[in-house]
Amino acid sequence: MADLKARPRPTGATATLGRTGFPHVTSTTKGEIDIVTAPSQPGFSPLDLLYASLSGCLVLSARIAASQMGVLDRISEITADVTGEKATEGLSRVAKFNIVFSIKGDIDEETRSKIVHAAEDEICTVSNTIRGNPEFSTTIAASG
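Here is a short report on the structure shown in this document. (Residues numbered from 1 in each chain as written. Predicted model: local features only at pLDDT ≥ 70, side-chain atom pairs only at ≥ 80, totals over all residues. Heavy atoms only, no water.)

1. Focus on the pairing of strand S2 (residues 24–27)
Consecutive residues of a regular strand have side chains that alternate between opposite faces of the sheet.
Here's step 1: Here strand S1 (residues 13–16) runs beside S2; their pairing, made up of four bridges, is antiparallel. Among the inter-strand pairings, Thr-14 is bridged to a residue of S2, identified as Thr-26.
Here's step 2: Looking at chain direction, S2 and strand S3 (residues 32–34) are connected through three bridges and run antiparallel. Residue pairing in the sheet places His-24 in a bridge with Asp-34 of S3.
Here's step 3: Connecting S2 to the antiparallel partner S3 that follows it, the hairpin turn spans four residues, and Lys-30 within it adopts a positive phi of roughly 80 degrees. (Pairing = 2+ DSSP bridges. Helix = DSSP H or I, 4+ residues; strand = E, 2+ residues; numbered from the N terminus.)

2. Brief notes about the sheet that holds S1
Strand pairing within a sheet occurs via backbone hydrogen bonds; the two strands may be parallel or antiparallel.
Here's step 1: The three strands are arranged S1-S2-S3 in an open sheet whose pairing can be described as antiparallel. Strands at the two margins of the open sheet, each flanked by one partner only, are S1 and S3. Pairs of neighbouring strands in the sheet enclose a mean axial angle of 20 degrees, with direction left out of account. (Axes fitted to C-alpha atoms, helices over the stretch in contact; angles between N-to-C directions.)

3. What to know about a nonpolar patch on the surface
Here's step 1: A cluster of nonpolar residues, Leu-47, Leu-50 and Ile-130, forms a patch on the protein surface that exposes about 190 Å² of accessible area.
Here's step 2: By the secondary structure assignment, Leu-50 is in helix H1 (residues 46–68).
Here's step 3: We classify Leu-50 as partly exposed; its relative accessible area is 31%. (Patch = residues over 30% accessible without salt bridge, like charges linked within 9 Å, V, L, I, M, F, W, Y side chains within 5 Å. Areas by Shrake-Rupley, 256 points an atom, 1.4 Å probe, with all protein chains shown as cover. Salt bridge = Lys/Arg side-chain N within 4 Å of Asp/Glu carboxyl O. Buried < 20%, exposed > 50% of the residue type's maximum accessible area, 1.4 Å probe, protein only.)

4. A short note on the pattern of salt bridges
Here's step 1: One pass over the structure, following the stated rule, counts five salt bridges.
Here's step 2: One salt bridge in this structure joins Glu-109 and Arg-112, with 3.3 Å as the shortest N-O distance. You can see Glu-109 and its partner Arg-112 sitting in helix H2 (residues 109–123), three residues apart, about one turn around the helix.
Here's step 3: Its relative accessible area of 58% is what places Glu-109 among the exposed residues.

5. So, the state of the cysteines
Put plainly, two cysteines are in a disulfide when a covalent bond ties their sulfur atoms together.
Here's step 1: Applying the stated criterion across every chain, the model contains one disulfide.
Here's step 2: In this model, Cys-57 is linked to Cys-124 through a disulfide, with the two sulfur atoms separated by 2.5 Å. Classification of the bridge connecting Cys-57 and Cys-124 rests on its S-S torsion, roughly 140 degrees, and on that basis the disulfide is right-handed. Taken together, the residues span a long stretch of sequence, with Cys-57 in helix H1 and Cys-124 in the loop between H2 and helix H3 (125–131) at a distance of 67 residues. (Disulfide = S-S within 2.5 Å.)

Here it is, written out as structure tokens:
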């Protein structure tokens, strides 16, 4: 089921931060978002963006799975609520992702389960990346 023929989309993001203020992020496709850090400040923190990436990828992947299974026309809404638990020891990181899927429509529980499994374990690039051990290639540009 993982044989997808998606048209490639340019991906990537650049964050810029001055001596004061908050990061401003621009995507390769010119999308923009400002990052927030204060607990009461509305907006996305870096962790919110991680959870948003996973939840967005999961619902898109679930829709793809439902389409491949021929049941998309019986689904009215797909929701993936993603939160996490930070590690209490060691490096600062998310130790556990908590995902609550909701698939509304005229399908049975077995089909819901198959859609979620395919989305999370086969189709979603973000969940597959988080579960993997991606390599980091970091360079330091000359300062100017």
